[in-house]
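Here's the letter readout for the chains.
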Amino acid sequence: MSPKASSCPICGQPAHPDTRPFCGKACRDRDLLQWLGEGYRVPGAPAADEMKKSDDYGVDSPPD
Ligand SMILES: [Zn+2]
C-alpha cells in the first residue's frame, strides 16, 4: 500500500486525511461492513477462529 496519493478503494476518489485510505466516513463504514461480511464467510478468519475457541467450551470434551 502506498502511504501517499492513495485513492478510495470504494469509489476511487482521492483519500481524505481523516479517513484514509477512504475518501470519507461513508466509504470507510461501507468497507468495514464488507470486511465484516466476508469475515464471517471465510474459514480461518480471525472472527471464525474466535468462534471456534468459544465453541470449545460448549462441546463435550473427551474425558481426561
Ligand atoms: Zn470513497
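As recorded in an unreviewed UniProt entry, the protein goes by DNA gyrase inhibitor YacG and comes from Sphingobium quisquiliarum P25. Check the Function (unreviewed entry) section of the UniProt entry for the protein; it says "Inhibits all the catalytic activities of DNA gyrase by preventing its interaction with DNA. Acts by binding directly to the C-terminal domain of GyrB, which probably disrupts DNA binding by the gyrase."

Colleague: Would you take a moment to explain the coordination of the zinc ion for this structure?
Modeller: Protein coordination of the zinc ion is provided by Cys8 (SG), Cys11 (SG), Cys23 (SG) and Cys27 (SG), with donor distances spanning 2.3 Å. Coordination at the zinc ion is tetrahedral: its four donor atoms span angles of 102 to 117° at the metal. Each donor residue of the zinc ion belongs to the same chain, with the gaps between them written as C-x2-C-x11-C-x3-C. The exposure class assigned to cysteine 27 is buried, which follows from its relative accessible area of 10%.

Colleague: Looking at this structure, I do not really get the UniProt feature "binding site: Zn(2+)" (unreviewed entry) in the protein. What am I missing?
Modeller: As recorded in UniProt, the sites labelled "binding site: Zn(2+)" (unreviewed entry) are Cys8, Cys11, Cys23 and Cys27. The largest pairwise C-alpha distance within this set of annotated residues, which runs over 20 residues, is 8.0 Å, so the set is compact in three dimensions. If you trace the backbone, cysteine 8 turns up in the segment before α1 (25-41). Beyond its immediate sequence surroundings of up to four residues, cysteine 8 is in contact with Gln13, Ala15, Pro21, Phe22, Cys23 and Cys27. Within the secondary structure, cysteine 11 sits in the segment before α1. The class for cysteine 11 is partly exposed, based on a relative accessible area of 39%.

Colleague: What am I meant to see in the environment of aspartate 29 here?
Modeller: Here aspartate 29 lies in helix α1. When its relative accessible area of 40% is taken as the criterion, aspartate 29 is described as partly exposed. The sequence separation of aspartate 29 and threonine 19 amounts to ten residues, and the corresponding C-alpha distance is 9.9 Å.

Colleague: Help me out: how do you make sense of the side chain of threonine 19 in this one?
Modeller: Positionally, threonine 19 belongs in the segment before α1. Under the relative-accessibility criterion, threonine 19 is labelled buried at 6%. Ignoring sequence-local partners within four residues, the contact set of threonine 19 consists of Gly24, Lys25 and Arg28.

Each value, and the rule that gives it
Residues numbered from 1 in each chain as written. Predicted model: local features only at pLDDT ≥ 70, side-chain atom pairs only at ≥ 80, totals over all residues. Heavy atoms only, no water. UniProt positions renumbered as here; feature names shortened; annotations may be inferred. Donors = N, O, S within 2.8 Å, 3.2 Å for Na, K, Ca; no water. Tetrahedral: all angles 85-135°; square planar, octahedral: opposite > 155°, others 65-115°. Buried < 20%, exposed > 50% of the residue type's maximum accessible area, 1.4 Å probe, protein only. Helix = DSSP H or I, 4+ residues; strand = E, 2+ residues; numbered from the N terminus. Contact = heavy atoms within 4.5 Å.

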